[in-house]
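Structural characterization, general
So the chains spell out like this:
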Amino acid sequence: MTKEIIKFNHVNKKFGKNEVIKDLSFSINEGEFITVLGSSGSGKTTTLKMINGLETPTAGQIIVNNEDLKNANLVELRRHIGYVVQSIGLFPHMTISQNIAVTPKLLGWDQKKIDLKVKDLLEIVGLDNEEYAKRYPTQLSGGQQQRVGVARALSTNPPLMLFDEPFSALDAITRQNLQHEVKALHQKLAKKTFFFVTHDINEALYLGDRVMVMNHGQIEQFDTPDKVANHPATKYVKDLIGTIRENQAS
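Residues numbered from 1 in each chain as written. Predicted model: local features only at pLDDT ≥ 70, side-chain atom pairs only at ≥ 80, totals over all residues. Heavy atoms only, no water.

As for the UniProt feature "domain: ABC transporter" (unreviewed entry) in the chain
Feature annotation in UniProt places "domain: ABC transporter" (unreviewed entry) on residues 6-241, given in this structure's numbering. Taken as a whole, residues 6-241 contains 38% helix and 27% strand, while its terminal C-alpha atoms sit 27 Å from one another. (UniProt positions renumbered as here; feature names shortened; annotations may be inferred. Helix = DSSP H or I, 4+ residues; strand = E, 2+ residues; numbered from the N terminus.)

Okay, here's the thing in structure tokens:
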């Protein structure tokens, strides 16, 4: 039986007089890889930030893991959500091992359990523990740092992972390699839900089980990559897909 892990009911979000999200309703099941596609100002990052309580809706209801966020302990909620961002945000004065261990330490894990977890996570993201655990972030490439960011987000084995344009600052080859790795990681980690915001159409279509196309705070289409690419629901989606075909033809 499928379990709903995220549900938005008629969510609206305003910043002053600026309405960023108009009337957003959708649901996501446990274990899905959802990509959220849209241009700048479409509301995709605001939607992501409302899932872990970094932004509060002006109206409507958000349910995460069967809990209404209006009544939730947000600190506790965030401990069960992994968060990977473009800027990565590794602590420069800490080793890679210490960076990954930040949340487990806050939760009072014993050192032996932390060490085993760090070793396991580094291997999961394709970095050798012996080689990388004692290095500092400045000694790693951008792609390696982003892998550490993913490992840190996985440190407490959260059921839900949020990715906010994590690869957009990387070069094309590194980005493509990480896309393959994140897709394989999702397939390996049973029942983990990935919510991945991007403005890259190819990335969204390659990674997502379903793709949510947003425009001006509304969903234009929320469907499989095949349906989005071959049966666009609106003129906006059709024009968006058209840009890929133009790029391929040129």
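Things to note about the nonpolar core
Ile100, Val150 and Met161 are the most contacted members of the largest nonpolar core, which totals 32 residues. Ranked by size, the runner-up nonpolar core spans 27 residues in total, among them Ile5, Ile51, Ile62 and Phe222. (Core = buried A, V, L, I, M, F, W, Y, C linked by side-chain atoms within 4.5 Å. Buried < 20%, exposed > 50% of the residue type's maximum accessible area, 1.4 Å probe, protein only.)

Looking at the sheet that holds strand E9 (residues 210-215)
Strands sit in the order E6-E7-E8-E3-E9-E10 across an open sheet of six strands; the sheet is mixed. The sheet terminates laterally at strand E6 (81-85) and strand E10 (218-223), the two strands that pair on one side only. Neighbour to neighbour, the strand axes of the sheet diverge by 15° on average, direction disregarded. Bridging between strand E7 (residues 160-164) and strand E8 (residues 193-198) involves five bridges; their strand directions are parallel. Counted as the bridge partner of Leu160 is Thr193 from E8. Each of strand E3 (33-37), E6, E7, E8 and E9 touches helix H1 (residues 44-51); the most contacted strand, E8, lies at about 150° to it. (Pairing = 2+ DSSP bridges. Axes fitted to C-alpha atoms, helices over the stretch in contact; angles between N-to-C directions. Contact = heavy atoms within 4.5 Å.)

Section: the pattern of salt bridges
Side chains that differ in sign of charge can pair as their charged atoms come close. Counted under the stated rule, the structure contains eleven salt bridges. Between Glu32 and Arg210 there is a salt bridge, with the nearest N and O atoms lying 2.8 Å from each other. Here Glu32, found in the loop between strand E2 (18-29) and E3, pairs with Arg210, found in strand E9; they are 178 residues apart in sequence, far enough to count as distant. Of the residues examined, Glu32 reaches a relative accessible area of 13% and is grouped as buried. A salt bridge links Arg175 to Glu203; the nearest nitrogen and oxygen atoms lie 3.1 Å apart. Of this pair, Arg175 sits in helix H8 (residues 172-188) while Glu203 sits in helix H9 (residues 201-207), placing them 28 residues apart in sequence. Neither residue differs from the other here; Arg175 and Glu203 are each classed as buried. Connected through shared salt-bridge partners, Arg175, Asp200 and Glu203 make up one network. (Salt bridge = Lys/Arg side-chain N within 4 Å of Asp/Glu carboxyl O.)

Quick look at the pairing of E9
For E9, the tally of buried residues reaches six of six residues, placing the bulk of the element in the interior. On E9, burial covers both faces: Arg210, Met212 and Met214 on one face and Val211, Val213 and Asn215 on the other are all buried. Two elements, E3 and E9, share four bridges in a ladder whose sense is parallel. By the bridge assignment, Leu37 is partnered in E9 with Val213. Examined bridge by bridge, E9 and E10 share five bridges and lie antiparallel to one another. If you follow Asn215 over to E10, its bridge partner there is Gln218. Taken together, E9 and the strand that follows it, E10, pair antiparallel across an intervening segment of two residues, in which His216 is found at a positive phi of about 50°.

Topic: helix H5 (residues 111-124)
The terminal C-alpha atoms of H5, which comprises 14 residues, lie 20 Å apart, in line with the 20 Å expected from a rise of 1.5 Å per residue. For H5, the full list of buried residues reads Ile114, Val118, Leu121 and Leu122. The arc that holds the buried residues of H5, viewed along the axis, is 100°, so those residues lie on one side. Pointing more than 90 degrees away from the buried face of H5 are the exposed residues Lys112 and Leu116. Capping the start of H5, Asp110 holds a side-chain oxygen 3.1 Å from the backbone nitrogen of Lys112, two or three residues further along. Once H5 ends, the next one or two residues include Gly126, with phi positive near 80°. (Expected span 1.5 Å × (residues − 1). Arc of directions from axis to C-beta. Polar contact = N/O pair within 3.5 Å; in protein donor to acceptor, adjacent residues only side chain to side chain.)

Considering unusual backbone geometry
Positive phi, normally seen in glycine, also occurs at Asn65, with a value near 55°. Tracing the backbone shows Asn65 in the loop between strand E4 (59-64) and strand E5 (67-68). The exposure class of Asn65 is partly exposed, given its relative accessible area of 31%.

Some words on the side chain of Gln179
With respect to the helices and strands, the residue Gln179 is situated in helix H8. With residues near it in sequence (within four places) discarded, Gln179 still touches Phe167, Glu203, Tyr206 and Leu207.

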